[in-house]
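Each chain, written out:
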Amino acid sequence: MYNVLSIAGSDSSGGAGIQADLKAFAANGVYGMTVITAITAQNTRGVTDVRVLDPEIVGAQIDAVFSDIRVDAVKIGMLAEEKIISAVARALARWKPPVLVLDPVMVAKSGHRLLAPEAEKSLITDLLPQADLLTPNIPEAESLSGMELQSADKGVLEIAGRRILETGAKAVLIKGGHSEDPESSADILIDDEGSRVFTAPRLNAQHTHGTGCSLSSTLAALLARGLSLDEAVRRAKSYISEGIAHGIPLGGGCGPIHHFYSLYGGEELA
């Protein structure tokens, strides 16, 4: 069994954050562990409140796991503020996980900001250099690259990816879910070997809560299991597409993706 640690915030509705990560880990064949950085009051309609944990307890959670259990990969999600970023960066620099997937969570789907603006500099200087893979969406890639990308073509996205790689990260996967293409969702992977595009049909789906969290945690799980980066991206994108296609109509807003659709034999939920 491979062991993967998620460092992220908690989603009380269970669709994103730590809860989504644990579901994606289980569905993709790894044992999941968690370090909680913040608690959100959240449902399918949006985030109503956030409480950030003390940096010392965040660091203590990381040390407790690494000092006792082999960690094959780490996924990082919501970090919320500069002190948390610094605590996580210091702890991971000590423990040096073999794989680090960083989802630079900045803004929730509802528009609620999940990373304080002043913390972005710390994210770039302290954590991005440790990352094996970054998974920003287009708005996050715009913040990290300083470029306008909403209607950008592949060439412009590659330039943005190269700028992001100058932070020291080894690879970046810019997710295309926020692009203006009505027909397809194309993600572009940029690393030292060049750029590759991974496409999937754009689904007319309502229940997409937790897609970003679930993609990055799936990538961490597959990389921990020894898959190549390209194969991990291909399989993770296929897994998320299936989850979106069979999203769960939960609550009165945007429900979660179905993490376990294939494990239920394709049966729809009652």
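Up top is the structure.
An account of the accompanying structure is given in this report. All values reported here derive from a predicted model rather than from experimental measurement.

**Overview of the overall build of the protein**
The helix and strand tally for the protein stands at eight helices and nine strands. Scaling as 2.2 N^0.38, a compact globule of 270 residues should have a C-alpha radius of gyration of about 18 Å, and the protein matches this with 17 Å. When the 270 residues of the protein are sorted by exposure, 54% land in the buried category. A sequence separation of at least 24 residues applies to 66% of the contacts in the protein between residues at least 6 apart. Counting only carbon and sulfur atoms, one obtains 52% of the accessible surface of the protein, whose full area is about 11,700 Å². Considering the protein, the positive charge centre built from 23 side chains and the negative charge centre built from 33 side chains are found 2 Å apart.

**Structural notes on the nonpolar core**
Grouped together as the largest cluster of nonpolar side chains are 42 residues, with contacts concentrated most on Ile7, Ile76, Val88 and Leu127. It is helix H3 (residues 82–95) that provides the largest number of residues to this core, a total of six residues. Non-local contacts of Ile76, meaning those with residues more than four positions away in its chain, are made with Ile7, Val88, Leu92, Leu100, Val101, Leu102, Asp103 and Leu127. Residues Val99, Phe198, Val233 and Ile244 belong to the second largest nonpolar core, which totals 27 residues.

**Digging into the pairing of strand E2 (residues 30–43)**
Of the strand pairs in this sheet, strand E1 (residues 2–11) and E2 are connected by nine bridges, and their pairing is parallel. Paired with Leu5 across the strands is Met33, a residue of E2. Considered for its hand, the β-α-β crossover made up of E1, helix H1 (residues 17–27) and E2 is right-handed. Pairing analysis gives six bridges linking E2 to strand E3 (residues 46–52), with the strands arranged antiparallel. Of the residues in E3, the one forming a bridge with Gln42 is Val47. In textbook terms, the turn of a hairpin is the stretch between consecutive antiparallel strands, and for E2 and E3 this stretch comprises two residues.

**A few points about helix H4 (residues 120–127)**
Taken residue by residue, H4 has Glu120, Ser122, Leu123 and Leu127 as its buried positions. Buried residues of H4 fall within an arc of 160° about the axis and therefore sit on the same side. The secondary structure elements touched by the buried residues of H4 are strand E4 (73–76), H3, strand E5 (100–102) and helix H5 (138–145).

**Quick notes on the packing of aromatic side chains**
Centre distance and the angle of the planes are the two values used to describe a pair of aromatic rings. Taken as a whole, this structure holds two aromatic pairs when the rule is applied. Both rings, one in Phe66 and one in Trp95, keep their centres 5.6 Å apart while their planes meet at 15°; by these two values the pair is stacked. Separated by 29 residues along the polypeptide, Phe66 in helix H2 (residues 55–66) and Trp95 in helix H3 bring together distant segments of the chain. Taking relative accessible area as the criterion, Phe66 reaches 11% and is therefore assigned buried. Its relative accessible area of 33% is what places Trp95 among the partly exposed residues. Considering the side-chain rings of Phe260 and Tyr264, the 6.4 Å spacing of their centres and the 35° angle between planes classify their relative orientation as tilted.

**Things to note about the environment of Gly251**
Relative to the elements of secondary structure, Gly251 occurs in the segment after helix H8 (229–245). Given the relative accessible area of 65%, Gly251 is considered exposed.

**Focus: the pattern of salt bridges**
In the structure shown here, the tally under the stated rule is twelve salt bridges. Notably, a salt bridge pairs Asp21 with Lys75, separated by 2.9 Å at the nearest N-O pair. With Asp21 in helix H1 and Lys75 in strand E4, the pair connects residues that are 54 residues apart, well separated along the chain. When its relative accessible area of 0% is taken as the criterion, Asp21 is described as buried.

**Thoughts on the side chain of His258**
If you trace the backbone, His258 turns up in the segment after H8. Classification of His258 as buried rests on a relative accessible area of 3%. Here the side chain of His258 touches Phe260 through a polar contact of 3.2 Å, landing on its backbone nitrogen.

**Points about the packing of H2 against H3**
Between two packed helices, both the angle of their axes relative to each other and the distance between the axes serve to describe the pair. Contact pair H2 / H3: the axes reach a minimum separation of 8 Å and the direction vectors enclose 20°. On the basis of the axis angle, H2 is roughly parallel to H3. Considering the relative orientation of H2 and H3, their crossing is right-handed. Counted together, Pro55, Val58, Ile62, Asp63 and Phe66 of H2 and Lys83, Ile84, Ala87, Val88, Ala91, Leu92, Arg94 and Trp95 of H3 form the full contact between these two elements. When the residues that make up the contact of H2 with H3 are grouped by side-chain class, the tally is ten nonpolar, no polar and three charged.

**A few points about unusual backbone geometry**
Its identity is not glycine, yet Ala80 carries a phi of approximately 75°, on the positive side. Structurally, Ala80 is set in the loop between E4 and H3. For Ala80, a relative accessible area of 9% translates into the label buried. The backbone of Lys96 sits at a positive phi, close to 50°, despite the residue not being glycine.

Reading the values: rules and limits
- Residues numbered from 1 in each chain as written.
- Predicted model: local features only at pLDDT ≥ 70, side-chain atom pairs only at ≥ 80, totals over all residues.
- Heavy atoms only, no water.
- Helix = DSSP H or I, 4+ residues; strand = E, 2+ residues; numbered from the N terminus.
- Rg over C-alpha atoms; globule rule 2.2 N^0.38 Å.
- Buried < 20%, exposed > 50% of the residue type's maximum accessible area, 1.4 Å probe, protein only.
- Contact = heavy atoms within 4.5 Å.
- Areas by Shrake-Rupley, 256 points an atom, 1.4 Å probe, with all protein chains shown as cover.
- Lys, Arg positive; Asp, Glu negative; His and termini not counted.
- Charge placed at Lys NZ, Arg CZ, Asp CG, Glu CD.
- Core = buried A, V, L, I, M, F, W, Y, C linked by side-chain atoms within 4.5 Å.
- Pairing = 2+ DSSP bridges.
- Right-handed = clockwise from strand over helix to strand, strands pointing away.
- Arc of directions from axis to C-beta.
- Phe/Tyr/Trp six-rings, centres within 6.5 Å; stacked < 30°, edge-to-face > 60°.
- Salt bridge = Lys/Arg side-chain N within 4 Å of Asp/Glu carboxyl O.
- Polar contact = N/O pair within 3.5 Å; in protein donor to acceptor, adjacent residues only side chain to side chain.
- Axes fitted to C-alpha atoms, helices over the stretch in contact; angles between N-to-C directions.
- Parallel < 35°, antiparallel > 145°, perpendicular 65-115°, else oblique.
- Left-handed = near helix turned anticlockwise from the far one by under 90°.
- Nonpolar A, V, L, I, M, F, W, Y, C, P; charged D, E, K, R; others polar.

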